[in-house]
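Fold and contact review
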Amino acid sequence: MMILKILFRNAFHNKLRSGLTILGIAVAILAFGLLRTVISSWYAGVEAASTSRLVTRNAISIIFTLPISYNEKIRQIEGVKMVSYGNWFGGVYINEKNFFPNFCVEPRTYLEIYPEFVLSPAEKKTFLADRKGFVAGRKLAAKYGWKIGDAVTLKGTIYPGNWDFVLRGIYKGRDDTTDETQFYFHWDYLNETIKKASSQMAGQVGFYMIAITRPDLAADVALAVDKTFKNSLAETLTETEKAFNQGFIAMSGAIVTAIQMVSFVVIIIIMAVVANTMAMTTRERIGDYAIMKTLGFGGRDITVLIFGESLVITLAGCLTGMILTFPAAAAFGHALETFFPIFIVSTETLYLDVLAAILIGCLAAIIPTRQAIRIGIADGLRRIG
Amino acid sequence: MAEQKQNIVEIRHLYKAYHRGSLVVPVLYDITFDIVAGEFLALMGPSGSGKTTLLNLLAGIDKADEGSIRVGDMDITALSETELAHWRANHVGFIFQFYNLIPVLKAIENVELPLHLTSLSKKERRDHAEMALRMVGLDHRMDHYPKELSGGEQQRVAIARAIVTDPTILVADEPTGDLDRVSAEEILAMMERLNAEMGKTIIMVTHDPRAAQRAKILRHLDKGYLTDDDSQNPL
Ligand SMILES: Nc1ncnc2c1ncn2[C@@H]1O[C@H](COP(=O)(O)OP(=O)(O)OP(=O)(O)O)[C@@H](O)[C@H]1O
Ligand SMILES: [Mg+2]
């Protein structure tokens, strides 16, 4: 008990030094937490993706389209429950800075295949009835202050011109990981508008979304779809939604690796800082430890004192950092909503925080402890005065 | 009368050298002497003569190269590190020049500290520590931290810590070396009382003739040699 009392008081004896060290650890834990959250939010789309949904796209590349006639054929394949389709629209709101995912879909089937986008029955009804209607995620609508019935114009990038829409519904995410920043409207609206300009470009679909009857059929159905369109003008590539989303992310894999490395470098730097603090502290206390050994306390007591002090400081910093992570992540996520629609600090990150703090605390204590134990009592006592 | 008393410390042919790299620095040569129970001995000598080294050896915080030291009925040169630590906790009280209190502990906690190595209950520890502080006249300063006490007061706390375990011997290395004259006198008077009234055996290293005057026996150390045989304090 006395040992615990001494180690706690030692930890906060030099208030300025302990305070600065704790602050340093807190900032490092905060940075670590945010960087990890960036990475996991990057993968959030993958995590949220369902394995019982397939996505079919042009086998050559995502930028090539497929004929609308495939819809009927896919529907007949065994194991397929429902098919929807859509195009990436790529429009911007007012100017390029206001970027968010927007696309057109076949609305009736889309809403059924994606039950995680929760829409009230009334809004669903008016949306389906209005060809120019669109639905926005809760976060997106809040960001631009859109209310039901508002007219919104997007500037087309793939499909030039100004496109007018009316907000008919605001969806809420069913799960924490559901993206609430999407913008979707009627495929018919896009198709009929471009049909007037050039009939060639009409009747094209960017991707088909397929709901299957059982998740374990995913591989079979995907194979069957692609076989159906083998040797046709537009061959298809069908994969689970998860794999499809992963394909997007693979492109930015290098960036993710870089961020991951930075987050670990942060931990290593702070480890050096804490180790230095502990070395300084132990050097100052060599006399104290010598007195305790003189009185008959042993190496184990000295070990508990030094490791304990180190851990008290790192865990105090860790706790402060963890507490700061939540408001910081909220602010960060809010500012970068369009890039990271899902920005949630995971429990795993918190465990890693604690693990890192314990690791730092122990590693920083090893060398000072060895020194304090090895030095002879007589030598230790001679350092006093 | 001295012959009737039993020896509490017996030192035989003690040699000690320090090693500085490949250099061997001899410090003590063939030291042999006895200390009888209830003695108050002052060890004097010029700086560097080996006083601290000798005190450390007989208090069991350093190891001799040759020779034997018996304290009570224990040959401490035969003990392992761990056994020595245990032995010190039970048999030696330490008083240092710089008081050497633990700065983060209050006076009472500093005095209680060595009792944590005993089997005493929490209440017994507290009672013993309070009594020791009362004996050095500091019971009203129990809850003060060392830095809130004067040098003389800190040394009195250190004395309380040294006697609280009721050790076989008390060792003091220049206990008044860092004190003003008045405080030094107080500390010496206190040690004299401990010796006279409670029969504590005290071995004190000192430079200060006034301190040596309080002791019953004087011994001189010069360049590692004990230069006189048993002599009653001539001062
Ligand atoms: N750890 C050590 N390594 C090498 N030499 C040492 C060591 N400790 C002490 N010495 C040397 O041993 C000799 C005796 O030292 P000691 O401290 O016993 O002297 P002292 O009589 O107590 O001196 P003072 O009155 O100055 O305290 C000195 O010459 C000192 O330099
Ligand atoms: Mg000395």
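A few points on the structure. These numbers come from a predicted model, not from an experiment.

**Regarding the overall build of chain A**
Helix and strand content of chain A: 14 helices and 13 strands. Expected size for 385 residues packed as a compact globule is a radius of gyration near 21 Å; at 30 Å, chain A overshoots this value by more than 25%. Across its three principal axes, chain A shows a C-alpha extent of roughly 95 × 45 × 35 Å. Per-residue burial over chain A gives 50% buried out of 385 residues. Of the contacts formed within chain A by residues at least 6 apart in sequence, a portion of 80% connects residues at least 24 apart. Looking at chain A as shown, the accessible area adds up to about 18,700 Å², and 63% of this sits on carbon and sulfur atoms. Averaging the coordinates of the 38 positive side-chain charges in chain A and doing the same for the 31 negative ones gives two points 7 Å apart.

**Things to note about the overall build of chain B**
Within chain B, the regular secondary structure consists of seven helices and ten strands. Scaling as 2.2 N^0.38, a compact globule of 235 residues should have a C-alpha radius of gyration of about 18 Å, and chain B matches this with 18 Å. Judged by the C-alpha coordinates and their principal axes, chain B covers about 45 × 45 × 40 Å. Counting over 235 residues, chain B shows a buried share of 51%. Considering only contacts within chain B whose residues lie at least 6 apart along the sequence, 68% involve residues at least 24 apart. Of the roughly 10,700 Å² of accessible surface on chain B, 50% is carried by carbon and sulfur atoms.

**Looking at unusual backbone geometry**
All names here are of chain B. Positioned with a positive phi, Asn100 is a non-glycine residue whose angle comes to about 55°. By secondary structure assignment, the location of Asn100 is in the loop between strand S6 (92-95) and helix H3 (107-112). When its relative accessible area of 6% is taken as the criterion, Asn100 is described as buried. Although it is not a glycine, Asp166 adopts a positive phi angle of roughly 50°.

**Quick look at the sheet that holds strand S5 (residues 74-75) of chain B**
Residues and elements named next belong to chain B. Ordered in space as S2-S1-S4-S5, the four strands form an open sheet in which the pairing is antiparallel. For this open sheet the edge positions go to strand S2 (23-36) and S5, each flanked by a neighbour on one side alone. In this sheet, S2 lies alongside strand S1 (residues 7-20) in antiparallel orientation, the contact comprising ten bridges. Bridge pairing links Leu14 to Ile31 in S2.

**Here's the deal with the sheet that holds strand S8 (residues 201-205) of chain B**
All names here are of chain B. Spatially, the six strands line up as an open sheet ordered S6-S7-S8-S3-S9-S10, and their pairing is mixed. What marks the edges here is a single partner per strand, and that holds for S6 and strand S10 (225-226). Pairing between strand S3 (residues 40-44) and S8: four bridges, direction parallel. Considered in S8, the bridge of Leu43 is made with Val205. Sitting on the sheet, helix H2 (residues 81-91) touches S6 and strand S7 (169-173), and the angle it makes with S6 is about 80°. Helix H6 (residues 181-198) contacts S3, S7 and S8 of the sheet and is inclined by roughly 150° relative to S8.

**Here's the deal with the packing of aromatic side chains**
Scanning the entire structure with this criterion turns up 37 aromatic pairs over all chains. Between Tyr171 of chain A and Tyr184 of chain A the ring centres are 6.0 Å apart and the planes differ by 20°, which places this aromatic pair in the stacked class. Placement of Tyr171 of chain A in strand S9 (residues 162-173) and of Tyr184 of chain A in strand S10 (residues 183-186) is noted, with a sequence separation of 13 residues between them. In terms of burial, Tyr171 of chain A and Tyr184 of chain A fall into one category: buried. Here Tyr29 of chain B and Tyr225 of chain B contribute two aromatic rings whose centre-to-centre distance is 4.6 Å and whose plane-to-plane angle is 5°, an arrangement assigned as stacked.

**Some remarks on the site of ligand 1**
The local shell around ligand 1 holds 15 residues, among which Arg382 of chain A together with Ser47, Lys51, Thr52 and Thr53 of chain B are the closest. Site remark: ligand 1 is flanked by residues from chains A and B. Asp379 of chain A places a side-chain nitrogen or oxygen 3.1 Å from a nitrogen atom of ligand 1. A distance of 2.5 Å is found between an oxygen atom of ligand 1 and a side-chain nitrogen or oxygen belonging to Thr53 of chain B. Those elements that place two or more of their residues in the shell around ligand 1 are helix H14 (377-382) of chain A together with S1 and helix H1 (51-58) of chain B. Among the elements that take part in the shell around ligand 1, H1 of chain B stands out by supplying three residues, more than any other.

**Observations concerning the interface of chain A and chain B**
Buried accessible area, meaning the area lost when the parts come together, often serves as the stated size of an interface. Facing 20 residues of chain A, the contacting portion of chain B comprises 26 residues. When chain A packs against chain B, the two sides together hide about 2,100 Å² of surface, and 69% of this comes from carbon and sulfur. Where chain A meets chain B, there are two salt bridges. Residue Arg9 of chain A pairs with Glu109 of chain B through a salt bridge whose shortest N-O separation is 2.7 Å.

**Examining the nonpolar core**
Among the nonpolar cores identified, the biggest contains 85 residues, and Met292 of chain A together with Ile11, Leu54, Leu113, Ile169 and Val171 of chain B are the most heavily contacted of them. If one sorts the elements of this core by residue count, helix H11 (residues 253-295) of chain A sits on top with 13 residues. Once residues lying within four places of it in the same chain are set aside, the contact partners of Val171 of chain B are Leu55, Leu58, Ala59, Val92, Gly93, Phe94, Ile95 and Ile203 of chain B.

**Quick word on the pattern of salt bridges**
Residue and element names in this part refer to chain B. Counted by the stated rule, this structure contains 28 salt bridges over all chains. In this structure, Arg214 engages Glu185 in a salt bridge whose closest nitrogen and oxygen atoms are separated by 2.4 Å. Placement of Arg214 in helix H7 (residues 209-214) and of Glu185 in helix H6 is noted, with a sequence separation of 29 residues between them. Linked through salt bridges whose partners overlap, the residues forming this network are Glu10, Arg12, Asp34 and Arg70.

**Observations concerning the pairing of strand S4 (residues 66-71) of chain B**
Residues and elements named next belong to chain B. Pairing between S1 and S4: five bridges, direction antiparallel. Directly across from Ile11, in S4, lies its bridge partner Ile69. The pairing of S4 with S5 spans two bridges and is classified as antiparallel. Each bridged residue has a counterpart across the sheet, and for Arg70 the counterpart in S5 is Asp75. Between S4 and S5, which pair antiparallel in sequence order, lie two residues; one of them, Gly72, sits at a positive phi of approximately 65°.

**Considering helix H4 (residues 122-135) of chain B**
Residue and element names in this part refer to chain B. Helix length check: H4, at 14 residues, gives a terminal C-alpha distance of 20 Å against a target of 20 Å (1.5 Å per residue), a fit within 8%. Considered for burial, the residues of H4 that qualify are Arg125, Ala129, Ala132 and Leu133. The arc that holds the buried residues of H4, viewed along the axis, is 100°, so those residues lie on one side. For H4, the elements touching its buried residues are H3 and helix H5 (151-163).

**A short note on empty space enclosed by the protein**
As enumerated under the stated definition, the model contains two cavities of 30 Å³ or more in all. Approximately 60 Å³ is the volume attributed to the largest cavity. In terms of lining residues, the largest cavity is bounded by Thr294 and Leu295 of chain A together with Arg88, Ala89, Val92, Gly93, Phe94, Pro114, Arg161, Ala162 and Thr165 of chain B. When contributions to the lining of the largest cavity are tallied by element, the ones reaching two or more residues are H11 of chain A together with H2, S6 and H5 of chain B. Take the lining of the largest cavity: its biggest share by element is three residues, from S6 of chain B. Here the second largest cavity is characterised by a volume of approximately 50 Å³.

How each quantity is defined
Residues numbered from 1 in each chain as written. Chains lettered and ligands numbered in written order. Predicted model: local features only at pLDDT ≥ 70, side-chain atom pairs only at ≥ 80, totals over all residues. Heavy atoms only, no water. Helix = DSSP H or I, 4+ residues; strand = E, 2+ residues; numbered from the N terminus. Rg over C-alpha atoms; globule rule 2.2 N^0.38 Å. Buried < 20%, exposed > 50% of the residue type's maximum accessible area, 1.4 Å probe, protein only. Contact = heavy atoms within 4.5 Å. Areas by Shrake-Rupley, 256 points an atom, 1.4 Å probe, with all protein chains shown as cover. Lys, Arg positive; Asp, Glu negative; His and termini not counted. Charge placed at Lys NZ, Arg CZ, Asp CG, Glu CD. Pairing = 2+ DSSP bridges. Axes fitted to C-alpha atoms, helices over the stretch in contact; angles between N-to-C directions. Phe/Tyr/Trp six-rings, centres within 6.5 Å; stacked < 30°, edge-to-face > 60°. Near = heavy atom within 4 Å. Polar contact = N/O pair within 3.5 Å; in protein donor to acceptor, adjacent residues only side chain to side chain. Buried area = accessible area lost by both parts, 1.4 Å probe. Salt bridge = Lys/Arg side-chain N within 4 Å of Asp/Glu carboxyl O. Core = buried A, V, L, I, M, F, W, Y, C linked by side-chain atoms within 4.5 Å. Expected span 1.5 Å × (residues − 1). Arc of directions from axis to C-beta. 1 Å grid on protein atoms, 1.4 Å probe; cavity = no way out; pocket = protein on both sides within 12 Å on 5 of 7 lines; lining within 4 Å. Points joined across faces, edges and corners; volume = space filled by probe spheres on them.

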